[in-house]
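# Topology and contacts: notes
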Amino acid sequence: MKVCPRCGRTDEEVPFIGFFCRDCYLKEHQLVHVPKSLKIRYCPRCERIYTDRWHEFSLEALSEWLRKKIKTDMEGAQISFSFPEVSEDGISFLYVARGVVEGVPVELKGEGQIKVEKQLCPRCARESGGYYEAIIQVRGADVQRMADLIAHSVEKEPDKFAFVSKVVYRREGIDLYVGSRKAADRVAKRFEKRYGAKLVRSHTLVTEKNGKRLYRLTVALHFPE
Ligand SMILES: [Zn+2]
Ligand SMILES: [Zn+2]
């Protein structure tokens, strides 16, 4: 017979996990790991959210996204969610996680918060005025495919203005107008490495505001044949 060293109950009264009864084991071990800060991007213009792509908001989509963020140390874990509060200012959720630990079924409840980060999605950004800080000039072989891949990569960057606001087709290639200079720079460097492209960066002074100079970045990426 096992006796729980914390509460004194025996394995005839309650199921045990290891040396402890289930209740005491669960007090000692954190089996569900909810990230401290959870943020989801939300486009206030079209009301879509970004999980692994931009799509219509729904509680099912939100649950699926959360399920990927929350880790558990249970076998066959199943997590279900409810959302007592959903607004543009934040989302609160309750979860029930069921699974098995060392052959013993367990059920855990908890709660969490999701921050809502308002950001124009690429489609809305494109439609709402064409703001840009950088131009990526796609040149050389396979420009259409490369431009598509680059645009897709830009839109996956975390910056607020990581979108392509305009696409211009030229005889020499395709110009992508990008909302964030940093995002454009990072993506261009990645493509330089991955595809052996030749990269040329240049800056043009746009304005001088309160002694602060604002530059626009142009990166030319030339893909080899
Ligand atoms: Zn106990
Ligand atoms: Zn949108």
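It should be emphasised that the depicted structure is a prediction, and the values quoted were computed from it without experimental measurement. (Residues numbered from 1 in each chain as written. Chains lettered and ligands numbered in written order. Predicted model: local features only at pLDDT ≥ 70, side-chain atom pairs only at ≥ 80, totals over all residues. Heavy atoms only, no water.)

## Considerations on the side chain of arginine 48
Residue placement: arginine 48 occurs in strand S5 (residues 48-50). Put simply, arginine 48 is tucked away with no salt bridge, and the nearest opposite charge, on glutamate 56, sits 5.1 Å away. With residues up to four places along the chain from it excluded, the contact list for arginine 48 reads Arg41, Tyr42, Cys43, Trp54, His55, Glu56, Phe57, Cys121 and Arg123. (Helix = DSSP H or I, 4+ residues; strand = E, 2+ residues; numbered from the N terminus. Buried < 20%, exposed > 50% of the residue type's maximum accessible area, 1.4 Å probe, protein only. Lys, Arg positive; Asp, Glu negative; His and termini not counted. Salt bridge = Lys/Arg side-chain N within 4 Å of Asp/Glu carboxyl O. Contact = heavy atoms within 4.5 Å.)

## Quick notes on helix H4 (residues 143-156)
When the terminal C-alpha atoms of H4 are compared, their 20 Å separation across 14 residues agrees well with the 20 Å that a helix rising 1.5 Å per residue should span. Considered for burial, the residues of H4 that qualify are Val143, Met146, Ala147, Ile150, Ala151, Ser153, Val154 and Glu155. (Expected span 1.5 Å × (residues − 1).)

## With respect to helix H2 (residues 59-69)
All of the buried residues along H2 are Ala61, Leu62, Ser63, Trp65 and Leu66. The inward-facing, buried residues of H2 contact strand S4 (39-42), S5, strand S6 (54-56), strand S8 (75-87), strand S9 (90-101) and strand S10 (104-118).

## A closer look at the sheet that holds S4
Strand order in this open sheet of 6 strands is S6-S5-S4-S10-S9-S8, and the pairing throughout is mixed. Edge positions in the sheet fall to S6 and S8, since each has one partner strand and no second. On average, adjacent strands in this sheet sit at an angle of 35° to one another, irrespective of strand direction. Bridging between S4 and S10 involves 4 bridges; their strand directions are parallel. Within the sheet, the bridge partner assigned to arginine 41 lies in S10 and is glutamate 117. Across the sheet, H2 touches S4, S5, S6, S8, S9 and S10, and the angle it forms with S8 is around 130°. (Pairing = 2+ DSSP bridges. Axes fitted to C-alpha atoms, helices over the stretch in contact; angles between N-to-C directions.)

## Quick word on the coordination of the zinc ion (ligand 1)
Coordination of the zinc ion (ligand 1) by the protein comes from Cys4 (SG), Cys7 (SG), Cys21 (SG) and Cys24 (SG), over a distance range of 2.3 to 2.4 Å. Coordination at the zinc ion (ligand 1) comes from 4 donor atoms whose angles at the metal span 103 to 117°, giving a geometry best classed as tetrahedral. In primary sequence terms, the donor set of the zinc ion (ligand 1) follows C-x2-C-x13-C-x2-C. Residue cysteine 7 is found in the segment before strand S1 (16-17), and its partner cysteine 24 is found in helix H1 (residues 22-28); the two are separated by 17 residues along the sequence. Assessed through its relative accessible area of 36%, cysteine 7 is described here as partly exposed. Among the residues examined, cysteine 24 registers a relative accessible area of 4% and is labelled buried. (Donors = N, O, S within 2.8 Å, 3.2 Å for Na, K, Ca; no water. Tetrahedral: all angles 85-135°; square planar, octahedral: opposite > 155°, others 65-115°.)

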